[in-house]
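These are the residues of each chain, in order.
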Amino acid sequence: MPQHKNQLSAVVKGRGQAGFSEYEVLKIFCDVCESLAELHCCPAPVIYRDLKMENVVQNDMGRFILAESNAATTRFLNPAAHGKKAVEEEIQKNTTQGYRAPEMIDLNSGHSITTKSDIWALGCLLYRLCFGSLPFGESSKAIVNCQYNIPEKCKYSSELCQLIRFMLETDPEKRPSIYQVCEVAFKISGKDNPLRIALERQKINSDYNNERKHHQTVPSTVPIVSSISVSTSVAPRSRPKGQHSGTGSGFSLGPPPQSSSPKNVASPVPDADGRQSSDRHNVSITTTFVANFSGNFPTATSAKQIAKSPAGLSMDLQLQTVIGDTQRCGNEASFR
C-alpha cells in the first residue's frame, strides 16, 4: 500500500474547534468525490462500502483520496434474493455503523444495497467536515427515520447545506448518483464538473472512432466503368468471338440485316455474266480474308472502291464473296 502524507481524521483533529472554511470543505469533498467516481464509473460499478473519514488519506500531491479497502465489492446484495442473514453478516463485517445507509439497517425495506449506499456515507462525511460530528451518531433509529439537524446559524452557504440534504435521502431510488453530486459540488466551488468533461470527451472520441470506421468501410476510389454501345447484326448471347483484328483500309460493314435471325446468311453468287442467279441463292462459298501487306499495296487513290459487304455479314469477318471478283485484287489479298 503506498505511503500517504496524512489521514483526513488527523487533519480534522489538528484543526480543533476552528474547523474548515467553506472553500477548504469543498476542496476536500470534491477530491473525495472524484476518487469515489473512479469506482462507481467502472464498467462493473464498485461499492466502496466503508466510506468514512478514517479511510480518506492525502497523497503526495495534496489531494484527498479513498484508501485501499478490502470491503469494496461489485456485488449488489438484496436481502430477499441473498438472504437476510447473509446480507447482515456482510454489512456488519464491511461497514461502519455511523455511515450506514437506511437500507443497510432495515433489511425489510426491499431495497438492494448498491452504490447509492456510498452516496449516503458521503453525505455523512460532508456533515462531519462542516460540523465536526456525525449527523446520526450511532443510532439506527435516527438513520432509518433520517433524524438529524443542521444548525440554523452556521458559516456555510445554504447551497452547501442543501447538498448535505440532497445526499441524505432515505429512498435510494431518489438519492443522487455520484455524477449528480459532483455536478452540484463543483458548481458551488465555481468549477466545471470533471465527470461531465470526461463524458463529453469520451463521446467525441467515440464519434471520431465511428467516423473513421465508416470511412474505412467505404472505398476511397470508385472505379468508373465506361459503357460503349455497339450495334451489330448478331444477338449478344450468340455473338461469335473475334479471331483477328486487322488494320485493313477501305472495308466497312454494311447496315444491319432486316431479318431477326443472323444464322446461315448466304451471299448471292453472280453468274458468269455478273448477274445474280435466284436459283442458286442457297449456294455460298465461305472464304477467309487474309491481309497480305507488301510494298506493292495500292494507295487509296489508285485502288478501286471496294463494294460494301452485303447485309448480314458476320462479325468474324467471314466474307461471302463472288469468285469472279477475286482476280481484281489478287495482288493485294488472297481468298482461300
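Refer to the structure printed above.
Attention here is on the structure that accompanies the text. Only a predicted model underlies this, so the values are computations on that prediction, with no experimental measurement involved. (Residues numbered from 1 in each chain as written. Predicted model: local features only at pLDDT ≥ 70, side-chain atom pairs only at ≥ 80, totals over all residues. Heavy atoms only, no water.)

Before going further, it helps to spend a moment on the overall build of the chain. Along the backbone of the chain there are ten helices and six strands. Across the chain, every contact between residues at least 6 apart in sequence was considered, and the portion connecting residues at least 24 apart equals 67%. Surface exposure of the chain reaches about 21900 Å², of which carbon and sulfur atoms provide 50%. (Helix = DSSP H or I, 4+ residues; strand = E, 2+ residues; numbered from the N terminus. Contact = heavy atoms within 4.5 Å. Areas by Shrake-Rupley, 256 points an atom, 1.4 Å probe, with all protein chains shown as cover.)

Moving on: helix α6 (residues 116–131). Compared with the 22 Å implied by 1.5 Å per residue over 16 residues, the 23 Å span of α6 between its first and last C-alpha is a close match. Of all 16 residues that make up α6, 14 are buried, and the element is covered over most of its length. (Expected span 1.5 Å × (residues − 1). Buried < 20%, exposed > 50% of the residue type's maximum accessible area, 1.4 Å probe, protein only.)

Even without being glycine, R49 reaches a positive phi, approximately 70°. As for its position among the elements, R49 is in the loop between α2 (22–40) and β2 (56–58). Unusually for a residue other than glycine, C146 sits at a positive phi of about 55°. Following the sequence through the fold, C146 ends up in the loop between α7 (140–145) and α8 (158–167).

Turning our eyes to something else, we now look at the packing of α8 against helix α9 (residues 178–188). Close contact between α8 and α9 brings their axes to 10 Å; oriented N to C, the two are set at 170°. Considering the angle they form, α8 stands roughly antiparallel to α9. Residue-level inspection shows E159, L160, L163, F166 and M167 of α8 in contact with α9, the latter providing Q180, V181, V184, A185 and I188. Class assignment of the residues belonging to the contact of α8 with α9 gives a composition of eight nonpolar, one polar and one charged. (Axes fitted to C-alpha atoms, helices over the stretch in contact; angles between N-to-C directions. Parallel < 35°, antiparallel > 145°, perpendicular 65-115°, else oblique. Nonpolar A, V, L, I, M, F, W, Y, C, P; charged D, E, K, R; others polar.)

Moving on to the packing of aromatic side chains. Going through the model one piece at a time under the given rule, you end up with five aromatic pairs. Ring centres 5.5 Å apart and planes at 75° place the aromatic pair F136 and Y148 in the edge-to-face group. Taken together, the positions of F136 in the loop between α6 and α7 and Y148 in the loop between α7 and α8 put the pair twelve residues apart, joining distant regions of the chain. Y148 matches F136 in its accessibility class, with the two residues each being buried. Put simply, the rings of W120, Y127, F131, F136, Y148 and Y156 pair up and form one aromatic cluster. (Phe/Tyr/Trp six-rings, centres within 6.5 Å; stacked < 30°, edge-to-face > 60°.)

Here we come to the environment of E173. For E173, the location among the structural elements is in the loop between α8 and α9. In this structure the C-alpha to C-alpha distance between E173 and H111, which are 62 residues apart in sequence, comes to 8.7 Å.

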